[in-house]
Amino acid sequence: MKKSRLRVPGPTEVPEKVLNKMALPMINHRGEQFRNLFLKVSEEIKYVFQTNNDVLIFPSAGTGVMEAAIANFFSPGDHIVSFQCGVFGERFAEIAESYGAKVEAIKVDYGKPITKEIVKERISNDKNNKIKGILFTQNETSTGVLNNIKELREAIGNHPALVIVDAISSLGAVELKTDEWGIDVVVSSSQKAFMLPPGLGFISVSEKAWNAYENSKMPKYYFDIKNAKNSLKKGETPYTPFVSLIYALEESLKIIKDEGLENIIKEHKRLSKVLREGVKAIGLKLFVEDEYASPTVTAVEIPEERKDLQKFLKNKFNITVAGGQDRLKDKIIRIGHLGYVDFLDIIAVISALEMAVGDERLFGKGVKAAEKIYFEGGL
Ligand SMILES: *Cc1c(COP(=O)(O)O)cnc(C)c1O
């Protein structure tokens, strides 16, 4: 019997303590018990967002709150600049377009990050403040690139556009100082670093973004954030919430708090380095350079001699990794290492990769390199 190892960049593995909460009996979502629970998690989640802004919780996929991040703040015809380095950046722009925004896409090659120079050049040229919104993806899950949001935000300076960040595969694993950096809207979802099953979307809203809401003419109903905020004041949701996931969220927030966000962020960086050095030591190629490598997902190029790498890992070891999306299909595998994951999980992947390469002279080399990095960090 082979143990299942889910190493895709979401859904991620869920701790047993959290899973157990999903089995609790249903309660009235308009009753006292739910009210207390919902008010508690809506407050506590701000710690992960590093914000004092409102954070609203919707029963939805991540894409739902991306849609909310467009529909609530803009009007048809608004000029939105979308900085893209992969599939998820492209999706954000598609949503904005479908709501009638005038979207200007600024793209860099897959595998590369958005640079502060690119942002600065575009934004400083907008003399009449035509740009109403700026879209970033913090962690481009399709390529394994981490954009430096702090730097990119600084490059915008005091331009009045709303700054919106998709942090779906990074929040809770990578530093994102919503208030300190001045990010108006941050979206995330449950099935990545939050160590929960899919089904909850989270969106933080700054005061400036609330002002934009008042002038927004795009249509909205289910994802109307003001509706959600008014209900939240009473400890409720406008429509029936995902009660089981709210129980689970309470538990996962407790785990994050107990571990400490700082420590979690450090450990993700460390494990990413462990994996990368292991991969290099066995001669496999990383798709992204160290400098802007994601702490939560690593793309490894599929070698000529092992075209079936993804299947091999699945069939021989029951390790599930993701394939490449779009034009990276059959070119890379993507290994998720976010949320409920530890050093020995990474060692298992490296060891399996050593055997996938199949050169006995390399056996142990990846694991050795990985142990060296991990040991350096202090046990
Ligand atoms: C996973 C992911 C999404 C989409 O989330 P869904 O829940 O599948 O809608 C969006 N953006 C990024 C960066 C992601 O990693």
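As the structure is a prediction and not an experimental result, all values here were calculated from the model. Position labels on residues start from 1 in each chain and follow its written sequence. Local features in this predicted model are restricted to residues whose pLDDT is 70 or higher, and side-chain atom pairs enter the listing and the counts only when it is 80 or higher, whereas totals over whole chains, interfaces and linings include all residues. Here the side-chain values reflect all heavy atoms present in the structure, with hydrogen atoms and water set aside.

We now examine the sheet that holds strand β10 (residues 200-205). Should DSSP find at least two bridges between two strands, the strands are taken to pair. Numbering of helices and strands runs from the N terminus, with a helix taken as a DSSP run of H or I at least four residues long and a strand as a DSSP run of E at least two residues long. Spatial strand order, β2-β10-β9-β8-β5-β3-β4: seven strands in an open sheet with mixed pairing. Whereas interior strands pair on both sides, the edge strands pair on one side only; in this sheet they are β2 (54-59) and β4 (102-107). Each neighbouring strand pair of the sheet contributes to a mean axis angle of 20°, computed without reference to strand direction. Of the strand pairs in this sheet, strand β8 (residues 162-166) and strand β9 (residues 185-189) are connected by three bridges, and their pairing is parallel. Pairing of isoleucine 164 across the sheet is with valine 185, part of β9. We call two residues contacting when some pair of their heavy atoms lies within 4.5 Å. Only the stretch in contact is used when fitting a helix axis, every axis being a line fitted to C-alpha atoms; angles between N-to-C directions are given from 0 to 180 degrees. Packed onto the sheet, helix α10 (residues 225-233) meets β2 and β10 and runs at close to 100° relative to β2.

A word on the UniProt feature "domain: Aminotransferase class V" (unreviewed entry) in the protein. UniProt positions are given in the numbering used here, feature names are shortened, and annotations may be inferred rather than shown by experiment. Within this numbering scheme, the UniProt entry marks residues 26-325 as carrying the feature "domain: Aminotransferase class V" (unreviewed entry). End C-alpha to end C-alpha, residues 26-325 measures 38 Å, and it is 42% helix and 18% strand.

This part is about the domain arrangement of the protein. Boundaries between domains were set according to an automatic or database domain assignment. Segmenting the protein into domains produces domain 1 (5-10 + 261-376) and domain 2 (16-258). Note on definitions: buried area is the accessible-area loss of two parts on being combined, 1.4 Å probe, summed for both. Of the roughly 2200 Å² buried between domain 1 and domain 2 on both sides combined, carbon and sulfur atoms contribute 62%. Three residues, Leu261, Tyr292 and Gln325, lead the burial of domain 1 against domain 2; their summed loss comes to 27% of the area buried on that side. Any Lys or Arg side-chain nitrogen located within 4 Å of an Asp or Glu carboxyl oxygen qualifies as a salt bridge. Counting across the domain 1 and domain 2 interface gives one salt bridge. A salt bridge links arginine 327 to glutamate 90; the nearest nitrogen and oxygen atoms lie 3.7 Å apart. Under the rule applied, a polar contact is a pair of N or O atoms within 3.5 Å (in protein, one hydrogen donor and one hydrogen acceptor; residues adjacent in sequence only if both atoms are side-chain atoms). Our enumeration of links across domain 1 and domain 2 arrives at eight residue pairs in polar contact (both at pLDDT 80 or more). Contributing elements (two or more residues each) for the side of domain 1 that touches domain 2: α12 (261-281), β11 (297-301) and β14 (332-336). Looking at the side of domain 1 that touches domain 2 element by element, the count peaks at five residues for α12. When residues are grouped by polarity, Ala, Val, Leu, Ile, Met, Phe, Trp, Tyr, Cys and Pro land in nonpolar, Asp, Glu, Lys and Arg in charged, and all others, Gly among them, in polar. Partitioned by chemical class, the residues of the side of domain 1 that touches domain 2 number 15 nonpolar, six polar and five charged.

Think of a 1 Å grid over just the protein atoms. A cavity is a set of points where a 1.4 Å probe fits yet cannot get out, a pocket is an open set with protein on both sides within 12 Å along at least five of seven lines, and lining residues have an atom within 4 Å of a point. Grid points are joined across faces, edges and corners, and a volume is the space filled by probe spheres set on the points. The final tally for this structure, using the stated rule, is two cavities of 30 Å³ or more. For the largest cavity, the calculated volume is near 120 Å³. Every residue lining the largest cavity is counted, 14 residues in all, and those nearest its centre are Ile57, Phe58, Ala228, Thr237 and Pro238. Elements represented by at least two residues in the lining of the largest cavity include exactly α2 (32-44), β2 and α10. When residues of the lining of the largest cavity are assigned to their parent elements, the largest contribution, five residues, is made by β2. For the lining of the largest cavity, the class distribution of residues is eleven nonpolar, two polar and one charged. Its volume calculated, the second largest cavity comes out at about 40 Å³.

In this section: the UniProt feature "modified residue: N6-(pyridoxal phosphate)lysine" (unreviewed entry) in the protein. This chain's UniProt record puts "modified residue: N6-(pyridoxal phosphate)lysine" (unreviewed entry) on Lys192. Inspection of the secondary structure assignment puts lysine 192 in the loop between β9 and β10. Those residues in contact with lysine 192, other than ones at most four positions away along the chain, are Pro9, Gly10, Thr12, Ile168, Ser169, Leu338 and Gly339.

This part takes up the site of the ligand. Proximity is defined per residue: if any heavy atom of the residue lies within 4 Å of a molecule or strand, that residue is considered near it. The environment of the ligand is made up of 14 residues, and the closest members are Gly62, Thr63, Thr141, Asp166 and Lys192. Within the side chain of threonine 63, one N or O atom sits 2.4 Å away from an oxygen atom of the ligand. One nitrogen or oxygen atom from the side chain of glutamine 191 is found 2.7 Å from an oxygen atom belonging to the ligand. Residue exposure ignores everything except the shown protein chains as possible cover, and the areas themselves are Shrake-Rupley values with a 1.4 Å probe. Here the ligand loses 87% of its free accessible area of 380 Å² to cover by the protein chains. Of all the secondary-structure elements, those providing two or more residues to the shell around the ligand are α4 (62-71) and α5 (87-98).

Attention now goes to the nonpolar core. In a soluble, globular protein the nonpolar side chains are often hidden away together inside. In plain words, nonpolar cores are sets of buried Ala, Val, Leu, Ile, Met, Phe, Trp, Tyr and Cys residues tied together by side-chain atoms within 4.5 Å. Note on exposure labels: buried denotes an accessible area under 20% of the residue type's maximum, exposed denotes more than 50%, and partly exposed covers the range between, all computed with a 1.4 Å probe on protein chains only. Grouped together as the largest cluster of nonpolar side chains are 91 residues, with contacts concentrated most on Phe73, Phe136, Phe194 and Ile203. No fewer than three residues from each of domain 1 (5-10 + 261-376) and domain 2 (16-258) sit in this core. Leu284, Ile302, Val321 and Val341 belong to the second largest nonpolar core, which has 30 residues in total.

This part is about the sheet that holds strand β13 (residues 322-323). An order of β11-β14-β13 is seen for the three strands of this open sheet, with the pairing classed as antiparallel. Two strands close off the open sheet at either side, each with one partner strand: β11 and β13. With two bridges joining them, β13 and β14 adopt antiparallel strand pairing. By the bridge assignment, glycine 323 is partnered in β14 with isoleucine 333.

Within a regular strand, the side chains alternate between the two sheet faces. Of all six residues in β10, six are buried, a share of seventy percent or more. As judged from the six bridges shared by β2 and β10, these two strands associate in the antiparallel manner. Opposite proline 59, over in β10, you have leucine 200 as the bridge partner. Of the pairings in the sheet, the one linking β9 to β10 comprises five bridges and is antiparallel in character. From the neighbouring strand, valine 185 faces β10, where its bridge partner is valine 205.

Turning to the side chain of serine 82, a few remarks are in order. Looking at where serine 82 falls in the secondary structure, it is placed in strand β3 (residues 79-84). Apart from the residues lying within four places of it in its own chain, the contact partners of serine 82 are Gly89, Ala93, Val103, Glu104, Ala105, Ile106 and Leu135.

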